[in-house]
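Examination of the molecular architecture
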Amino acid sequence: MSQLQVELVAADRKVWEGEASQVSARSIEGELGIMPGHTPLLGVLVEGEVRIHGEGGIRTATVDGGFLSVDHDRVTILAEAVDASGMGN
């Protein structure tokens, strides 16, 4: 099965990078669910939780807003501040 390449970046550091089967986040237009094969997208995120579904379960991080970009199964999430306490290792 195809996977997404995900990168979660705060203003001051790369928070997490890895593979996932799905990414969920809230944008100004509502909840986004990204899976492999998703059409290219640039979304503006609102404050809330980002969920990254992978082999090890669901990793969560809270962002203060930011942007989510999807292109060719590559998802990049950029935020000014990220609380990554739910990201695990």
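Everything below is about the structure printed above this text.
One numbering rule holds for all chains: residues counted from 1, following each sequence as written. Local features in a predicted model are, by the rule used here, given only for residues with pLDDT of at least 70; side-chain atom pairs are given and counted only at 80 or more, and totals for whole chains, interfaces and linings are based on all residues. Hydrogens and water molecules were not included; the side-chain quantities draw on all heavy atoms of the structure.

1. Overview of the overall build of the protein chain
The cut-off we apply is this: Think of it this way: any DSSP run of H or I at least four residues long counts as a helix, any run of E at least two long counts as a strand, and we number them from the N terminus. Using C-alpha atoms as the atom set, the radius of gyration is obtained and then compared with a globule rule of 2.2 Å times the number of residues to the power 0.38. Any two residues whose heavy atoms approach within 4.5 Å at even a single point are treated as in contact. Areas reported as accessible are Shrake-Rupley estimates using a 1.4 Å probe. Residue values count occlusion only from the protein chains shown. Neither His nor the chain termini are counted; the positive set is Lys and Arg, and the negative set is Asp and Glu. Charge positions come from single atoms, namely NZ of Lys, CZ of Arg, CG of Asp or CD of Glu.
Secondary structure summary: the protein chain contains 0 helices and 10 strands in total. Across the protein chain, helices and strands are ordered from the amino to the carboxyl terminus as β-β-β-β-β-β-β-β-β-β. What you see for the protein chain is a C-alpha radius of gyration of 12 Å, in line with the 12 Å of a compact globule of 89 residues. Over its C-alpha atoms, taken along the principal directions, the protein chain stretches across nearly 30 × 30 × 20 Å. Contacts in the protein chain between residues far apart in sequence, at least 24 positions, make up 46% of those at least 6 positions apart. Counting only carbon and sulfur atoms, one obtains 50% of the accessible surface of the protein chain, whose full area is about 5,000 Å². Taking the average location of the 6 positive side-chain charges in the protein chain and that of its 14 negative ones, the two points are 3 Å from each other.

2. Here's the deal with the pairing of strand 6 (residues 48–54)
We apply this condition: One bridge is not enough; two strands pair if DSSP finds at least two bridges between them.
In this sheet, strand 6 lies alongside strand 3 (residues 22–27) in antiparallel orientation, the contact comprising 3 bridges. In the strand pairing of strand 6, Val23 is matched with Ile52. Examined bridge by bridge, strand 6 and strand 7 (residues 57–63) share 7 bridges and lie antiparallel to one another. Bridged to His53 within strand 7 is Ile58. Hairpin connection of strand 6 to strand 7: 2 residues between the antiparallel strands.

The quantities given are spatial measurements derived from coordinates; they are silent on function.
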